[in-house]
Amino acid sequence: MLAKEHIDDLLQRNGNVMSTDGDKIGSISQVYADDDNGQPTWVTARTGLFGTSESFVPLEGARAEGDDIVVPYTKDQVKDAPRVDTDGHLEPAEEERLYAHYGLVRGSQTYTDATAGRDADYREADYTDTDSGTVGRDTSGPTTDDAMTRSEERLNVGTEREATGRVRLRKYVTTENVTQTVPVQREEVRLEREPITDANRGAALSGPGISEEEHEVVLHEERPVVEKETVPVERVRLDKDTVTEEVTVNEEVRKERIETDGDDAARR
């Protein structure tokens, strides 16, 4: 449990509320102390888009680590906690809802924002401030002025960039059959006969009349010769395009409304 002397130091550091897993839950906003003993009991963390929401986190089992507060709860558990107004005071019913969410059991204590510096017990007194012209009394705290401020929540929607996938170029080798027809030539023997004429008579009678002879001719033919070469055919690279699309955000916002409560004669 953090001691009350740590409150101002933690708030001045502008640190974060962290889970024991190392996840950032949100930045430190307010520290609520027990009305009876002044010990810090709750811390609110700014969560949601742009930190527009505040979630209550018990300080039981928490520790200070540098500028941060480390709590024994997960980020999702804190984000799913019941929504309680961070108006500077935590009522017993609100406390019971929060402790039930975190699985803790406590009595009916009340807690006040330790950074607000205001008394938790307001005295109700009927008076008229003649200097400021305030009429009546403020039943929820000390009288401030003669008007009531109405507030409402507004949506501030933005975008954040995150990685959604990874694409790689990979080159691998495949084998396929290529059929190609190539013309080839070969030599064949052809027997030629010619009659005896005056032109070849001398060559025909130059040898013996009757004899045995052999003539030999070498035949040739072409055979396909295959050679392979590697040639570049194209260049492939990765590129990416940015596509814009419309996304509808649906979120509840709260508005304060002011109305009078009394009989008709009082409103004349």
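So, here's what we can say about the structure. (Residues numbered from 1 in each chain as written. Predicted model: local features only at pLDDT ≥ 70, side-chain atom pairs only at ≥ 80, totals over all residues. Heavy atoms only, no water.)

### Brief notes about the overall build of the protein
Part 1 of the reasoning: Each helix and strand in the protein was counted, giving four helices and eight strands.
Part 2 of the reasoning: In sequence order, the protein lays out its α and β elements as α-β-β-β-β-β-β-α-β-α-β-α.
Part 3 of the reasoning: A buried classification covers 20% of the 268 residues belonging to the protein.
Part 4 of the reasoning: Considering only contacts within the protein whose residues lie at least 6 apart along the sequence, 55% involve residues at least 24 apart.
Part 5 of the reasoning: In the form shown here, the protein has an accessible surface area of approximately 23100 Å², with 44% of it arising from carbon and sulfur atoms. (Helix = DSSP H or I, 4+ residues; strand = E, 2+ residues; numbered from the N terminus. Buried < 20%, exposed > 50% of the residue type's maximum accessible area, 1.4 Å probe, protein only. Contact = heavy atoms within 4.5 Å. Areas by Shrake-Rupley, 256 points an atom, 1.4 Å probe, with all protein chains shown as cover.)

### As for the pattern of salt bridges
Part 1 of the reasoning: Summed over the entire model, instances satisfying the criterion amount to nine salt bridges.
Part 2 of the reasoning: Measuring nitrogen to oxygen at the nearest pair gives 2.7 Å for the salt bridge that ties Arg154 to Glu152.
Part 3 of the reasoning: Judged by its relative accessible area of 28%, Glu152 falls in the partly exposed class.
Part 4 of the reasoning: With its nearest N and O atoms 3.9 Å apart, the salt bridge here joins Asp198 to Arg201.
Part 5 of the reasoning: Asp198 gets classed as exposed once you look at its relative accessible area, which sits at 71%.
Part 6 of the reasoning: When its relative accessible area of 40% is taken as the criterion, Arg201 is described as partly exposed.
Part 7 of the reasoning: Through salt bridges with shared partners, a single ionic network connects Asp85, Glu153 and Arg254. (Salt bridge = Lys/Arg side-chain N within 4 Å of Asp/Glu carboxyl O.)

### Points about the nonpolar core
Part 1 of the reasoning: Grouped together as the largest cluster of nonpolar side chains are 25 residues, with contacts concentrated most on Trp42, Val43, Ile69 and Val71.
Part 2 of the reasoning: Taken together, the elements giving at least two residues each to this core come down to helix H1 (7–13), strand E2 (24–34), strand E3 (40–47), strand E4 (53–58), strand E6 (68–71) and helix H3 (92–101).
Part 3 of the reasoning: A per-element tally of this core places E2 first, with four residues.
Part 4 of the reasoning: Sequence-distant contacts of Val71, defined by excluding residues within four places in its chain, comprise Val17, Met18, Ser19, Thr20, Ile25, Val57, Pro58 and Ala62. (Core = buried A, V, L, I, M, F, W, Y, C linked by side-chain atoms within 4.5 Å.)

### Examining the environment of Pro58
Part 1 of the reasoning: Residue placement: Pro58 occurs in strand E4.
Part 2 of the reasoning: Using a relative accessible area of 0% as the deciding quantity, one classes Pro58 as buried.
Part 3 of the reasoning: The spatial distance from the C-alpha of Pro58 to the C-alpha of Pro72 is 9.1 Å, given a sequence separation of 14 residues.
Part 4 of the reasoning: Once residues lying within four places of it in the same chain are set aside, the contact partners of Pro58 are Thr41, Trp42, Val71, Tyr73, Tyr102 and Leu104.

### Here we look at the packing of aromatic side chains
Part 1 of the reasoning: Summed over the entire model, instances satisfying the criterion amount to four aromatic pairs.
Part 2 of the reasoning: Ring centres of Tyr32 and Phe56 lie 5.1 Å apart, and the angle between their planes is 65°; on these two criteria the pair is classed as edge-to-face. Of this pair, Tyr32 sits in strand E2 while Phe56 sits in strand E4, and the two are 24 residues apart along the sequence.
Part 3 of the reasoning: On the basis of relative accessible area, Phe56 is assigned to the buried category, the value being 1%.
Part 4 of the reasoning: Taking the centre distance of 4.7 Å and the plane angle of 55° together, the rings of Trp42 and Tyr99 count as tilted. Residue Trp42 is located in strand E3, and its partner Tyr99 is located in helix H3; the two are separated by 57 residues in the primary sequence. The same class applies to Trp42 and to Tyr99, which are both buried. (Phe/Tyr/Trp six-rings, centres within 6.5 Å; stacked < 30°, edge-to-face > 60°.)

### What about H3?
Part 1 of the reasoning: Within the sequence span of H3, burial applies to Glu94, Glu95, Leu98 and Tyr99. Projected down its long axis, H3 carries its buried residues within an arc of 130°, all on one side.
Part 2 of the reasoning: Positioned one or two residues after H3, Gly103 has a phi angle of 75°, which is positive. (Arc of directions from axis to C-beta.)

### Some thoughts on the pairing of E3
Moving residue by residue along a regular strand, the side chains alternate between the two faces of the sheet.
Part 1 of the reasoning: Most of E3 sits inside the fold, with seven of its eight residues counted as buried.
Part 2 of the reasoning: Here E2 pairs with E3 via six bridges, running antiparallel. Looking at E3, one finds that Val31 is bridged to Val43.
Part 3 of the reasoning: Two elements, E3 and E4, share six bridges in a ladder whose sense is antiparallel. (Pairing = 2+ DSSP bridges.)

### A few points about the pairing of E6
Part 1 of the reasoning: Here strand E1 (residues 16–19) runs beside E6; their pairing, made up of three bridges, is parallel. Note on E6: the bridge partner recorded for Ser19 is Val71.
Part 2 of the reasoning: Where strand E5 (residues 63–65) meets E6, three bridges bridge the pair, whose relative direction is antiparallel. Looking at E6, one finds that Arg63 is bridged to Val70.
Part 3 of the reasoning: In sequence, E5 turns back onto E6 through a hairpin of two residues, with Gly66 there showing a positive phi of about 70°.

### With respect to a negative patch on the surface
Part 1 of the reasoning: A cluster of acidic residues, Asp21, Asp23, Asp76 and Asp80, forms a negative patch on the protein surface.
Part 2 of the reasoning: If you trace the backbone, Asp21 turns up in the loop between E1 and E2. (Patch = residues over 30% accessible without salt bridge, like charges linked within 9 Å, V, L, I, M, F, W, Y side chains within 5 Å. Lys, Arg positive; Asp, Glu negative; His and termini not counted. Charge placed at Lys NZ, Arg CZ, Asp CG, Glu CD.)

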